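# Observations on the three-dimensional arrangement
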There are 2 protein chains.
Amino acid sequence: MTDSSVTGLSRRERQILDILYSRGKATAAEILAALPDPPSYSAARALLRILEQKGHIRHESDGPRYIFLPKVSRQKARASALKHMLTTFFDGSAAEAAAALVDGSAAKLSSEELDQLQAVIDKARKEKSND
Amino acid sequence: MTDSSVTGLSRRERQILDILYSRGKATAAEILAALPDPPSYSAARALLRILEQKGHIRHESDGPRYIFLPKVSRQKARASALKHMLTTFFDGSAAEAAAALVDGSAAKLSSEELDQLQAVIDKARKEKSND
DNA sequence: ATGGTCATGCTAAATAATTAGCATGACCGA
DNA sequence: TCGGTCATGCTAATTATTTAGCATGACCAT
């Protein structure tokens, strides 16, 4: 896993890739609309071409237009993003990060969500005893 | 909270800010050493000057050299980074993100850490009942 | 006190990123 | 079938970023 998957992207490239990861897939027009401080359509297209050429995204044809998708799965991208976040902001501690998510003002978890998370913890405990 | 705090940085600027957030503070030489594909010392210095001018970092004097620090607290930077990560990779769900942290291959949590996290969840439940 | 080391600042050049312009082709409705 | 709309691709120019070079000053050891 190269670090350049994160650091190797220019600002616009990142913005576009973020949009694609949050939406799963999108047309050029949708991406343009979602871009902060949106440039011309041409500019967006050019970026998409570059991203594709670099191997970060691919496209499918949907009739007259293209649908763009990330080439690396959301799962994998997630994992590297989390890892990067851990080392940058949490001294590598997943526990602290998880706590910040539950505790943090950014989130209000429902009791259902708390239950789910509880289940994940219990599962982790169980797996631990099987070592 | 402007989005540009994230998207408004160039590649090198981000790399440097990440280093500063992960270490808390650093000298120019340390930052240079930590940079991926490190440029010249002069180049690193120039970036630091720009970041300072843009208001992202500041410096203190430690004898003959400067110590650079982020201007926005780690806490706040954390919060925006988490938020951004949630919307990009977890459909805004903090619960899913927390689960990924506990469950994910990126992390092996100790039972102590699991206990801590458990406590945070219990606390959240309790606060919920006080609504 | 002189030369080496290590820090700083500033500036200009090279490189990379971003942008818009224009050409082309498919399709649909008048 | 003609004209408008909306896609596409390619290319060149602008703008931003990144880079290294050089000057200066402090400090330490010879």
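Residues numbered from 1 in each chain as written. Chains lettered and ligands numbered in written order. Predicted model: local features only at pLDDT ≥ 70, side-chain atom pairs only at ≥ 80, totals over all residues. Heavy atoms only, no water.

### Let's talk about the protein's contact with DNA strand D
So the rule is basically this: For this purpose, a residue is taken to be near a molecule or strand whenever a single non-hydrogen atom of the residue falls within 4 Å of it. N or O atoms closer than or at 3.5 Å make up a polar contact, with two conditions inside protein: a donor-capable atom paired with an acceptor-capable one, and, for residues adjacent in sequence, both atoms drawn from side chains. Under the DSSP-based scheme used, a helix requires at least four consecutive residues in state H or I and a strand at least two consecutive residues in state E, with every element numbered from the N terminus.
In the neighbourhood of DNA strand D, 18 residues make up the surrounding shell, with Arg-11, Tyr-41 and Arg-45 of chain A together with Ser-10 and Ser-40 of chain B lying closest. Restricting attention to atoms of DNA strand D within 4 Å of the protein, one finds that 62% of them are sugar or phosphate atoms. Arg-65 of chain A has a polar side-chain atom sitting 3.3 Å from a phosphate oxygen of DNA strand D. A distance of 3.3 Å separates a phosphate oxygen of DNA strand D from a polar backbone atom of Arg-11 of chain B. Going through the elements one at a time, helix 4 (41-53) and strand 2 (65-70) of chain A together with helix 2 (11-23) and helix 4 (41-53) of chain B are the ones with two or more residues in the surface near DNA strand D.

### A short note on the pairing of strand 2 (residues 57-62) of chain B
Residue and element names in this part refer to chain B. This is how it is decided: Here, strands pair whenever DSSP counts at least two bridges between them.
With six bridges joining them, strand 2 and strand 3 (residues 65-70) adopt antiparallel strand pairing. In the sheet register, Ile-57 faces strand 3, and the bridge partner there is Pro-70. Remark: two residues form the turn of the hairpin made by strand 2 and strand 3, two consecutive strands paired antiparallel; Gly-63 in that turn has positive phi of roughly 60°.

### Quick word on the domain arrangement of chain A
In plain terms, the rule: Domain start and end points were adopted from an automatic or database domain assignment.
Taken domain by domain, chain A consists of domain 1 (4-70) and domain 2 (93-131). Put simply, the middle of domain 1 of chain A and the middle of domain 2 of chain A, counted by C-alpha atoms, are 33 Å apart.

### Examining the side chain of Gln-15 of chain B
Heads up, the condition is: Contacts were defined at the residue level, with two residues in contact if any of their heavy atoms lie within 4.5 Å.
As for its position among the elements, Gln-15 of chain B is in helix 2. Once residues lying within four places of it in the same chain are set aside, the contact partners of Gln-15 of chain B are Thr-7 of chain A together with Leu-35 and Pro-36 of chain B.

### Some points on the packing of helix 7 (residues 111-129) of chain A against helix 6 (residues 94-103) of chain B
Heads up, the rule is: As a rule, the C-alpha atoms of each element are fitted with a line to give its axis, helices using only the stretch in contact, and angles between N-to-C directions run from 0 to 180 degrees. Angles below 35 degrees are treated as roughly parallel, those above 145 as roughly antiparallel, those between 65 and 115 as roughly perpendicular, and all remaining angles as oblique. In this count, Pro and Cys sit with the nonpolar residues alongside Ala, Val, Leu, Ile, Met, Phe, Trp and Tyr, while Asp, Glu, Lys and Arg are called charged and the others, Gly among them, polar.
Across the interface, helix 7 of chain A lies against helix 6 of chain B with an axial gap of 10 Å and an inter-helix angle of 5°. What the angle tells us is that helix 7 of chain A and helix 6 of chain B run roughly parallel. Contact residues: helix 7 of chain A offers Glu-113, Leu-117, Val-120, Ile-121, Lys-123 and Ala-124 of chain A, while helix 6 of chain B offers Ala-95, Ala-98, Ala-99, Val-102 and Asp-103 of chain B. For the contact of helix 7 of chain A with helix 6 of chain B, the per-class residue count stands at eight nonpolar, no polar and three charged.

### A few points about the pattern of salt bridges
For clarity, the cut-off: Salt bridges are defined as contacts in which a side-chain nitrogen from Lys or Arg sits within 4 Å of a carboxyl oxygen from Asp or Glu. Only protein chains enter the calculation, and the probe is 1.4 Å; a residue is then buried if its accessible area is under 20% of its type maximum, exposed if over 50%, and partly exposed in between.
Tallied over the full model, the rule gives 17 salt bridges over all chains. Asp-115 of chain A is paired through a salt bridge with Arg-125 of chain B; the nearest N and O atoms lie 2.6 Å apart. You can see Asp-115 of chain A sitting in helix 7 and its partner Arg-125 of chain B sitting in helix 7 (residues 111-129), one on each of two chains. By relative accessible area, which is 29% here, Arg-125 of chain B ends up partly exposed. For Lys-123 of chain A, the salt bridge identified is with Asp-103 of chain B, shortest N-O distance 2.9 Å. One end of the pair, Lys-123 of chain A, is in helix 7; the other, Asp-103 of chain B, is in helix 6, on a second chain. On the basis of relative accessibility, which here comes to 38%, the residue Lys-123 of chain A falls in the partly exposed class. Residue Asp-103 of chain B is classed as partly exposed on the basis of its relative accessible area of 43%.

### Focus on the nonpolar core
Inclusion rule: In this description, a nonpolar core means a group of buried Ala, Val, Leu, Ile, Met, Phe, Trp, Tyr and Cys residues linked to one another through side-chain atoms lying within 4.5 Å.
In this structure, Ile-16, Ile-31 and Leu-101 of chain A together with Ile-16, Ile-31 and Leu-101 of chain B are the most contacted members of the largest nonpolar core, which totals 72 residues. Those residues in contact with Ile-31 of chain B that lie beyond four places of it in its chain are Ile-16, Ile-19, Leu-20, Ala-26, Leu-48 and Phe-68 of chain B.

### Considerations on the interface of chain A and chain B
Here is the rule we go by: Two parts placed together each lose some accessible area; with a 1.4 Å probe, that loss summed over both constitutes the buried area.
Of the residues lining the interface, 52 residues belong to chain A; the matching set on chain B comes to 52 residues. Regarding the contact of chain A and chain B, the summed buried area is about 4700 Å², with carbon and sulfur atoms giving 64% of it. Contact with chain B buries area across many residues of chain A, yet Arg-78, Phe-89 and Leu-101 of chain A alone supply 14% of it, more than any other trio. Along the contact surface separating chain A from chain B lie eight salt bridges. Where chain A meets chain B, there are 25 residue pairs in polar contact (both at pLDDT 80 or more). Looking at the side of chain A that touches chain B, the elements with two or more residues in it are helix 1 (4-7), helix 2 (11-23), helix 5 (74-89), helix 6 (94-103) and helix 7 of chain A. No other element matches the 13 residues that helix 7 of chain A contributes to the side of chain A that touches chain B. Residues belonging to the side of chain A that touches chain B are distributed by class as follows: 26 nonpolar, eleven polar and 15 charged.

### A word on the relation of the copies chain A and chain B
Rules: Superposition of the copies was done by least squares, using only C-alpha atoms of residues whose pLDDT is at least 70 in both.
Rotating chain A by 180° and translating it 0.0 Å along the rotation axis places it on chain B, where the RMSD comes to 0.1 Å. Those values place the two copies in the arrangement expected of a two-fold rotation axis. Taking C-alpha positions as the reference, the residue of chain A nearest the rotation axis is Ala-98 of chain A, at 2.4 Å. When the interface residues of chain A are mapped onto chain B, 100% of them again lie at the interface, so the same face is used by both copies.

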